[in-house]
Amino acid sequence: MNTHLQKIKEQLKNFWEFLKRISIQFYKIGTGETKLTRDFIFLFASWFSLLLFFSFFILAEQNPFRLLLPFQLYSYPSLDHREPIIIYISNGEGEQIPIHRKVLKREEAVDLIYQIVGEVGAPPYFDSVEALAKDGKLFSPKKLLDVRFALKQSWFVGKNEKLVMDWNVNRLESIMEKYRLPRTKSEGENLDSEEENPNAPVDTITYYTGGSETGPKESEEVLNKRRIQAMEQTLRALNATLFENFKEIQSIEHKFSGTMNPVYQWGSISPLATR
């Protein structure tokens, strides 16, 4: 212990002598007794720069030695592994346009089909790309039915020229029951000037769920017809998207299984779509 204390005392003494010598030298330079030398200027600038360097990191609460390790202050650049695919969106009235979306594209064809079904039923982004002006009118995309969980299986026939998609009717009916339909204008109802604008998107008008106690009432027959129309628009956009992303497909067949007498008249939906 005495040896360590002796070493500490000697180091403190040497440091004190160094401070005294530097102080005296600065004093002589200030009073003009000693002229500045290049060696002194270089050493002074070096130590002062080092002092500023460490002071900056102390104030920033950072470890200065992190500069010696790569990618510690700045992380690796984030790489976007998504690939653009073409998705068709619809305005809910029979008109649809293609747009580009970036997705983590699946490698297997069956998995990619399931992913495309989910993208078609995903909410529109309403950005400058998807809200395109068409024929002088604002294209107002509507959310289509999210039917990906109703897809039982899909497979190719022949040399991948025909795609067959089998749907669970019970799940489709459940999805259609929960679909929020836009409110329609009833006879004799006075709407505001904003709602009378043909370019105003229907989504800005209040929504209601069929069968709820709020909102205007419509007959079950009218509701079923409108739900079938929403399903038709979804399948149309899905067919166009699949044709665009699978160039070898010439026809798409939809099979509806799960129940013999569905509530909705599936005969109004075309089971076969061709290019």
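See above for the structure.
A brief structural summary. (Residues numbered from 1 in each chain as written. Predicted model: local features only at pLDDT ≥ 70, side-chain atom pairs only at ≥ 80, totals over all residues. Heavy atoms only, no water.)

In this section: the packing of helix α4 (residues 169-178) against helix α6 (residues 220-245). Between α4 and α6, whose axes approach to 10 Å, the crossing angle comes to 110°. One finds that α4 runs roughly perpendicular with respect to α6. Once α4 is placed against α6, the crossing between them reads as right-handed. For the pair α4 and α6, the contacting residues are L172, M176 and E177 in the first and R227, I228 and M231 in the second. (Axes fitted to C-alpha atoms, helices over the stretch in contact; angles between N-to-C directions. Helix = DSSP H or I, 4+ residues; strand = E, 2+ residues; numbered from the N terminus. Parallel < 35°, antiparallel > 145°, perpendicular 65-115°, else oblique. Left-handed = near helix turned anticlockwise from the far one by under 90°. Contact = heavy atoms within 4.5 Å.)

On to the pairing of strand β9 (residues 251-257), then. Of the pairings in the sheet, the one linking strand β6 (residues 162-168) to β9 comprises seven bridges and is parallel in character. Note that in β9 the partner of K162 across the bridge is S251. Where β9 and strand β10 (residues 272-274) come together, three bridges link them in antiparallel fashion. Looking at the pairing, E253 lines up with L272 of β10. (Pairing = 2+ DSSP bridges.)

With that out of the way, let us pick up the sheet that holds β10. Across the sheet, four strands lie side by side as β5-β6-β9-β10; this open sheet has mixed pairing. At either margin of the open sheet sits one strand with a lone partner, and together these are β5 (151-157) and β10. Averaged over all pairs of adjacent strands, the angle between their axes in this sheet comes to 15°, without regard to strand direction. Its contacts with the sheet put helix α3 (residues 109-120) on β5 and β6, and the angle it makes with β5 is roughly 130°. The strands that α6 touches are β6, β9 and β10; relative to β9, the one it contacts most, it runs at about 140°.

Within this structure, the stated rule accounts for four aromatic pairs. Ring plane angle 55° and centroid distance 6.2 Å describe the contact between F156 and F246, whose orientation is recorded as tilted. Residue F156 is located in strand β5, and its partner F246 is located in the loop between α6 and β9; the two are separated by 90 residues in the primary sequence. By relative accessible area, F156 is classed as partly exposed at 22%. The exposure class of F246 is buried, given its relative accessible area of 6%. Cluster of aromatic residues (ring-pair linked, three or more members): F53, F54, F56 and F57. (Phe/Tyr/Trp six-rings, centres within 6.5 Å; stacked < 30°, edge-to-face > 60°. Buried < 20%, exposed > 50% of the residue type's maximum accessible area, 1.4 Å probe, protein only.)

On to the environment of H81, then. Along the chain, H81 turns up in the loop between α2 (38-59) and β1 (83-90). Under the relative-accessibility criterion, H81 is labelled exposed at 61%. Along the chain, H81 and L104 lie 23 residues apart, while their C-alpha atoms are 6.6 Å from each other.

Bringing the side chain of T234 into the picture now. One can find T234 in helix α6. When its relative accessible area of 1% is taken as the criterion, T234 is described as buried. Engagement of the side chain of T234 in a polar contact is seen with the backbone oxygen of A230, the distance being 2.9 Å. (Polar contact = N/O pair within 3.5 Å; in protein donor to acceptor, adjacent residues only side chain to side chain.)

Before going further, it helps to spend a moment on the pattern of salt bridges. The final tally for this structure, using the stated rule, is nine salt bridges. Between K102 and D80 there is a salt bridge, with its nearest N and O atoms 3.9 Å apart. Of the two residues, K102 is situated in strand β2 (residues 96-103) and D80 in the loop between α2 and β1; the sequence distance between them amounts to 22 residues. Here R101 ties to E119 by a salt bridge, and the two come within 3.3 Å at their closest N and O atoms. With R101 in strand β2 and E119 in helix α3, this residue pair connects regions lying 18 residues apart in the sequence. Of the two residues, R101 and E119, both sit in the buried class. Each of D80, R82 and K102 takes part in one network of salt bridges that share partners. (Salt bridge = Lys/Arg side-chain N within 4 Å of Asp/Glu carboxyl O.)

All quantities given are derived from atomic positions and should not be read as evidence of function.
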